[in-house]
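Report on the structure
Chain residues, written in single-letter form:
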Amino acid sequence: MSFAKAVNLLRLAMMATSRQGVCLNDVEGEFGGVRRTAQRMIAALEEAFPATEHYVGDDGRHYWRLPSRAVAPLLTPSAEELVSLKSAITELERVDMNGEAIQLQSLERKVRALIPSDRTLRLATDEEALLEAMGFAARPGPRPSMNEAVDLAISEALKGPFELRIRYKGRGDAKPSWRTIEPLGLLLGSRRYLVGIDTAKRDGRYRHYRVEDILEAQVQTRIFIYPVEFDLGEYATRAFGSYHHEAEYGEVIWKFSPEAADRAARFQFHPSQEIEHLDDGSMLVRFKASGHLEMSWHLYAWGDSVEVLAPPSLIEMVHPYRRSDFAALP
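Description of the structure in this document. None of the values given here were measured: they were computed from a predicted structure. Position numbers for residues count from 1 along each chain, tracking the sequence in the order it is written. Side-chain atom pairs in this predicted model are given and counted only at pLDDT of 80 or more, local residue features only at pLDDT of at least 70, and totals for whole chains, interfaces and linings cover all residues. No hydrogens and no water enter the side-chain calculation; it runs on all heavy atoms of the structure.

**Description of the environment of W297**
Stated precisely, the cut-off is as follows: A run of H or I in DSSP counts as a helix once it spans at least four residues, and a run of E counts as a strand once it spans at least two, with each numbered from the N terminus. Relative accessibility under 20% of the residue-type maximum defines a buried residue, over 50% an exposed one, and the middle range a partly exposed one, all with a 1.4 Å probe and only protein chains included. Note on contacts: a residue pair is in contact if any heavy atoms of the two residues lie within 4.5 Å.
Positionally, W297 belongs in helix α10 (residues 292–300). A relative accessible area of 41% places W297 in the partly exposed class. Between the C-alpha atoms of W297 and P271, which are 26 residues apart in sequence, the distance is 19 Å. Those residues within four positions of W297 in sequence are excluded, and the remaining contacts are S190 and R191.

This is how it looks when you write it as structure tokens:
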């Protein structure tokens, strides 16, 4: 048997450990062969793994199922897979999806605990070499502080969805107070905001709670009905970052100089943006959103290489502070 065929047979064995197992259509779809090839692969599976079970499903199809214990010794993760898992954890932490990062860290510990001890040392050596070659390191820079208990509570409440009781101190509050909310989703940006409905103020508004200002969070047993009219993805596009301000929502137009146009063209400033290249080499970016303060923070890094054409309120915030002496563009 060739190396490629052996690898495919192992892939098929892993597929067959699912609750239902695999049918010939599954094999054809996964490996791109014809029915005859799929039949030969199933025959090889039965020969290599005598524990393979054959049965006819409720849909009339023939299925082959393999107990996971039959292939467990062959499923030691590779160093590349462990590095990918670690990279995923770091990326989740970078975008402040801390609840998901914690769950993935738990999965990583379980995976490592199942690795046979005689393979652990070699894997660790290979993993270290890969991380070094990739230049793997935590991304530097400021980020909001993390409260693991709060993040886990938010994650649990969103999955329910369950009501969430939070001890929260808003910007205008003299001291924290307890509130019960129906959490709808997280907006991730320079700050994290939990979007929700305050059960004590059912006025049709979606309120934002800065996650860093939630001092405690308790998941309630009460399940609520998620509003059918609310779409988090669409809602998120109404802002440049994570901060929403309905009074600011409207058309935004930026003009990048010819010297900065090529670099700016590599950015997606907003999911709805429209790009126009002008004859002089400059570039216009148009989109609709709110969040002028977060726009200003970003535009400052472009110095005098960008000009705000609309709206007037953003022009007033940006233009007096543009600089010409930045050594590099974002």
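Having put the structure on the table, let's press on.
**What to know about the packing of helix α5 (residues 98–113) against helix α7 (residues 148–159)**
What counts is decided by this rule: The angle between two axes is taken between their N-to-C directions and runs from 0 to 180 degrees, where each axis is a line fitted to C-alpha atoms and a helix contributes only its stretch in contact. Any angle from 65 to 115 degrees is called roughly perpendicular, while one under 35 is roughly parallel, one over 145 is roughly antiparallel, and all others are oblique. By the convention adopted, Pro, Cys, Tyr, Trp, Phe, Met, Ile, Leu, Val and Ala count as nonpolar, Lys, Arg, Asp and Glu as charged, and the other residues, Gly among them, as polar.
Packing of α5 against α7 leaves a shortest axis separation of 8 Å and a crossing angle of 95°. As far as their axial angle goes, α7 and α5 are roughly perpendicular. Between α5 and α7, the contacting residues are N98, G99, E100, I102 and Q103 on the first element and E148, D151, L152 and S155 on the second. Residues of the contact of α5 with α7, tallied by class, amount to two nonpolar, four polar and three charged.

**A few points about the sheet that holds strand β8 (residues 250–256)**
Under the convention used in this document: A pair of strands is considered paired only if DSSP assigns at least 2 bridges between the two.
Reading across from one edge, β9-β10-β8-β11 is the order of the four strands in this open sheet, with antiparallel pairing throughout. Strands at the two margins of the open sheet, each flanked by one partner only, are β9 (274–277) and β11 (306–310). Along the sheet, successive strands turn relative to each other by an average axial angle of 25°, direction set aside. As defined by bridge partners, β8 adjoins strand β10 (residues 283–289) across seven bridges and the pair is classed as antiparallel. Among the inter-strand pairings, W254 is bridged to a residue of β10, identified as V285. Lying over the sheet, α10 contacts β8, β10 and β11, oriented at roughly 5° with respect to β8.

**What about α7?**
Rules: Helix span is expected to be 1.5 Å times the residue number reduced by one. Polar contacts, as used here, are pairs of N or O atoms within 3.5 Å; protein pairs need one atom able to donate a hydrogen and one able to accept it. Residues neighboring in sequence count only if both atoms are side-chain atoms.
Over its twelve residues, α7 extends 17 Å from the first C-alpha to the last, a length consistent with the 16 Å expected when each residue adds 1.5 Å. Within α7, burial applies to V150, D151, A153, I154, S155 and A157. Residues of α7 that are buried sit in contact with α5, β3 (162–168), β4 (177–188), β5 (192–198) and β7 (214–223). The N-cap residue of α7 is N147: its side-chain oxygen and the backbone nitrogen of A149 are 3.2 Å apart.

**Here's the deal with the environment of A124**
Checked against the element boundaries, A124 lands in helix α6 (residues 117–134). Considered as a pair, A124 and T199 are 75 residues apart in the sequence and their alpha carbons are 50 Å apart.

**Here's the deal with the packing of aromatic side chains**
Given two aromatic rings, their pairing is described by the distance between the two centres and the angle made by the two planes. Applied cut-off: Two aromatic rings, drawn from Phe, Tyr or Trp (for Trp, its six-membered ring), form a pair once their centres lie within 6.5 Å of each other, and the interplanar angle then sorts them: stacked below 30 degrees, edge-to-face above 60, tilted otherwise. The rule for a charge over a ring is simple: NZ of Lys or CZ of Arg within 6 Å of the ring centre, and within 35 degrees of the ring normal.
In this structure the tally under the stated criterion is 18 aromatic pairs. Relative to Y235, the ring of F230 lies with its centre 5.2 Å away and its plane at 50°, an arrangement referred to as tilted. What makes Y235 buried here is its relative accessible area of 13%. By way of ring pairs, the aromatic residues F240, W254, F256, F267, F269, F287 and W302 are connected into one cluster. The lysine or arginine in question, R165, covers the ring of W178, its NZ or CZ lying 4.2 Å from the ring centre.

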